[in-house]
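Breakdown of the fold
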Amino acid sequence: QVQLAESGGGLVQAGGSLRLSCSASGSTFRTHALGWFRQAPGKEREFAAAISWNGGRTYYADSVKGRFTISRDNTRNMVYLQMNSLKPEDTAVYYCAASQYSSGYSFSPSEYPYWGQGTQVTVSS
């Protein structure tokens, strides 16, 4: 079992930056790949970024590549999402999730059995 809790969301102007954090508990945290997903009103939850169990591999959706950076600190049971050059279309609830796999090559919500409660990110134009 892995428990996750996000923080760091808020309101930011277009072009600005935010850093999301996700704290985790559970003895198996370090063996799970981790991901960030987002869900805008009226839309399905979509993949944003993922990182392998040891941080060696990262994956990004095309829509955020070059602007977002995912990282993790296994000594602190934390995962982060640094978001730069934010756009109004980045507005969504952002969720941290732990995969059933370790590689990070998981882009579907169905591959992530553990989820946080979400944090709202709003980007104004």
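It should be noted that the structure appears before, not after, this text.
The present account deals with the structure reproduced in this document. (Residues numbered from 1 in each chain as written. Predicted model: local features only at pLDDT ≥ 70, side-chain atom pairs only at ≥ 80, totals over all residues. Heavy atoms only, no water.)

Section: the overall build of the chain
- Helix and strand content of the chain: zero helices and eleven strands.
- The order of α-helices and β-strands along the chain, N terminus first, is β-β-β-β-β-β-β-β-β-β-β.
- Structurally, the chain occupies a C-alpha span of about 40 × 25 × 25 Å along its principal axes.
- Out of the 125 residues belonging to the chain, those deemed buried represent 46%.
- For the chain, the computed accessible surface area is about 6200 Å², with 47% contributed by carbon and sulfur atoms.
- Taken as two groups, the 11 positive and 8 negative side-chain charges of the chain have centres that lie 7 Å from each other. (Helix = DSSP H or I, 4+ residues; strand = E, 2+ residues; numbered from the N terminus. Buried < 20%, exposed > 50% of the residue type's maximum accessible area, 1.4 Å probe, protein only. Areas by Shrake-Rupley, 256 points an atom, 1.4 Å probe, with all protein chains shown as cover. Lys, Arg positive; Asp, Glu negative; His and termini not counted. Charge placed at Lys NZ, Arg CZ, Asp CG, Glu CD.)

A word on the state of the cysteines
- Under the defined criterion, the tally for this structure stands at one disulfide.
- Between the sulfur of C22 and that of C96 lies a disulfide, 2.2 Å long from S to S. One disulfide, between C22 and C96, carries an S-S torsion of -80 degrees and so falls in the left-handed class. Remark: C96 occurs in strand β9 (residues 92-98) and C22 occurs in strand β3 (residues 18-25); sequence separation between them is 74 residues. In terms of burial, C22 and C96 fall into one category: buried. (Disulfide = S-S within 2.5 Å.)

Some remarks on the nonpolar core
- If you look at the biggest cluster of nonpolar residues, it comprises 34 residues, and the most contacted ones within it are L4, W36, V79, L81, M83 and Y94.
- Counting residues per element, the ones that place at least two in this core are β3, β4 (34-39), β5 (46-51), β7 (68-73), β8 (78-83), β9 and β11 (119-124).
- Residue contributions to this core peak at five residues, all from β9. (Core = buried A, V, L, I, M, F, W, Y, C linked by side-chain atoms within 4.5 Å.)

Keep in mind these numbers describe shape, not what the thing actually does.
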